[in-house]
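Spelled out, the chains give:
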Amino acid sequence: MKRTIGIIIAAVFILLFLAIIIATSLQSLSMSEDLRLDIQTFSNKDKDPGGCYVMFESLPSFYDGGHPSVVSKPFAASAKKDVNLRSGEGIIYYLITRRLFTTVEDVDAMIEFANRGNQLFVAAVDMDSILISRLYTKVSDENSSNIFAKPRAEEHFINPALAPDTVYARDSIADGRYFTLLDTTRTTILGTDNRHRANFIRINVGKGQVFLLLQPSVLTNYFLMYKNNLSFLEKAAGYTYGY
């Protein structure tokens, strides 16, 4: 059942604050310059192939609410200024980037945020080692695809109810990495790469969860606007609160 997103400035009875932190990154890929597939900004305002405008505009429809709020400061700094991030519950926080850099203070705040009963959704190729170690996971050093193969982002769901035979894929954009170690006592594998290795997981942390997706390319405009790939975002969001 869907619920309403409570934007920070709105007075609502059910609080579901959806935040997206924007980060910019560049990738060196030999691709078509006309489509500028070598640039992935993951910006909510970017309508080019490497932006996340489609994701940003689509999320509200999954939660029956207004547009999510956007923050641009590190997690710990944002939590200090925002009472909802600092002490609220039932909050979903999306963080999309190529490379995730955190401090010990950021990770402490993230873990405490999830412990209270919130959800942190992180999509990044290069996860910061501080966060990864705190969640008792390890990530591959290399990307999913063969270095000599044509770049291709591909994602499969594990849940049989989500049609595991359905392949969400797009050629010519970078893939991501995969997990090499998981804490199986509190981790659920949600998705896999083109070689069926775990790259999308949910980790139970206290009363909440942390979602880790190692292939952020699947959240870009270029990927989501291809065939039925937008349903990938809908199904991924289906694991979060309020859907």
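Keep in mind the model is a prediction, meaning the values are calculated, not measured.

**Q** What should I look at first to understand the pattern of salt bridges in this one?
**A** When charged atoms on two side chains of opposite charge get close, those side chains can pair. Under the defined criterion, the tally for this structure stands at nine salt bridges. The salt bridge partner of Arg99 is Asp126, with a shortest N-O separation of 3.2 Å. Of the two residues, Arg99 sits in the loop between strand E5 (92-96) and helix H4 (104-115) while Asp126 sits in the loop between strand E6 (119-123) and helix H5 (129-134), which places them 27 residues apart along the sequence. Between Arg186 and Asp183 there is a salt bridge, with its nearest N and O atoms 3.2 Å apart. When sorted by exposure, Arg186 lands in the same class as Asp183, which is buried.

**Q** Can you walk me through the environment of Lys235 in this structure?
**A** With respect to the helices and strands, Lys235 occurs in helix H7 (residues 230-237). Take Lys235: its relative accessible area is 23%, and that puts it in the partly exposed class. For the pair Lys235 and Phe62, spaced 173 residues apart in sequence, the C-alpha separation works out to 9.6 Å. Excluding residues that lie within four positions of it along the chain, Lys235 makes contacts with Phe157, Leu162 and Tyr168.

**Q** Which parts of the structure should I look at to understand the pairing of E6?
**A** For a regular strand, side chains alternate in direction, first toward one face of the sheet and then toward the other. Summarising burial for E6: five of the five residues are buried, a large majority. Residues of E6 alternate between two faces, with Gln119, Phe121 and Ala123 on one and Leu120 and Val122 on the opposite face, all of them buried. Summarising the sheet, E5 and E6 pair through five bridges and their orientation is parallel. Across the sheet, residue Tyr94 finds its bridge partner in E6, namely Phe121. After leaving E5, the chain enters H4 and then returns to the sheet as E6, a path that is right-handed. For E6 and strand E13 (residues 208-213), the ladder comprises five bridges, and the chain directions are parallel. Bridging across to E13, Leu120 finds its partner in Val210.

**Q** Mind showing me how you'd approach helix H1 (residues 53-63) here?
**A** Along an α-helix, a turn takes 3.6 residues, which lines up residues three or four apart on a common side. Among the 11 residues in H1, eight count as buried, and that is most of the element. Listing the buried residues of H1 in full gives Val54, Met55, Phe56, Ser58, Leu59, Pro60, Phe62 and Tyr63.

**Q** For this particular structure, what's the right way to read the side chain of Asp126?
**A** A polar contact of 3.2 Å, which involves the side chain of Asp126, links it to the side chain of Arg99. Beyond its immediate chain neighbours, meaning those up to four positions away, Asp126 contacts Arg98, Arg99, Leu100 and Arg177.

**Q** Explain the packing of aromatic side chains to me, please; I cannot follow it from the model alone.
**A** Scanning all chains against the criterion turns up 10 aromatic pairs. Between Tyr93 and Phe113, the aromatic rings sit 6.2 Å apart at their centres with planes inclined by 70 degrees, giving edge-to-face as the arrangement. Here Tyr93 is found in strand E5, whereas its partner Phe113 is found in helix H4, with 20 residues between them in sequence. Given the relative accessible area of 0%, Tyr93 is considered buried. Residue Phe113 is classed as buried on the basis of its relative accessible area, which comes to 0%. Taking 6.0 Å as the distance between ring centres and 80 degrees as the angle between the ring planes, the aromatic pair formed by Phe157 and Tyr168 counts as edge-to-face. Note that Phe157 is positioned in strand E8 (residues 152-157) and Tyr168 in strand E9 (residues 168-171), a separation of 11 residues in sequence. Summarising the burial analysis for this pair, Phe157 and Tyr168 share the class buried. Each residue in the set Tyr94, Phe121, Phe200 and Phe211 is aromatic and connected to the rest through ring pairs, giving one cluster. In this structure, Lys47 is placed above the aromatic ring of Tyr53, and the distance from its NZ or CZ to the ring centre is 4.9 Å. For Arg170, the ring lying beneath its charged end belongs to Tyr222, and the centroid distance is 3.9 Å.

**Q** I tried to follow the packing of H1 against H7 on my own but got confused; where do I start?
**A** Any two packed helices are characterised by the angle at which their axes cross and by the distance between the axes. At a closest axis distance of 10 Å, the pairing of H1 and H7 adopts a crossing angle of 50 degrees. Relative to H7, the element H1 lies oblique. Where H1 crosses over H7, the handedness of that crossing is right-handed. Every residue of H7 that contacts H1 at Val54, Met55, Ser58, Leu59, Phe62 and Tyr63 is listed here: Leu230, Leu233, Glu234 and Ala237.

**Q** I tried to follow the environment of Ser129 on my own but got confused; where do I start?
**A** With respect to the secondary-structure elements, Ser129 resides in helix H5. A C-alpha to C-alpha distance of 9.2 Å links Ser129 and Val139, two positions 10 residues apart in sequence.

About the criteria used
Residues numbered from 1 in each chain as written. Predicted model: local features only at pLDDT ≥ 70, side-chain atom pairs only at ≥ 80, totals over all residues. Heavy atoms only, no water. Salt bridge = Lys/Arg side-chain N within 4 Å of Asp/Glu carboxyl O. Helix = DSSP H or I, 4+ residues; strand = E, 2+ residues; numbered from the N terminus. Buried < 20%, exposed > 50% of the residue type's maximum accessible area, 1.4 Å probe, protein only. Contact = heavy atoms within 4.5 Å. Pairing = 2+ DSSP bridges. Right-handed = clockwise from strand over helix to strand, strands pointing away. Polar contact = N/O pair within 3.5 Å; in protein donor to acceptor, adjacent residues only side chain to side chain. Phe/Tyr/Trp six-rings, centres within 6.5 Å; stacked < 30°, edge-to-face > 60°. Lys NZ or Arg CZ within 6 Å of the ring centre and 35° of its normal. Axes fitted to C-alpha atoms, helices over the stretch in contact; angles between N-to-C directions. Parallel < 35°, antiparallel > 145°, perpendicular 65-115°, else oblique. Left-handed = near helix turned anticlockwise from the far one by under 90°.

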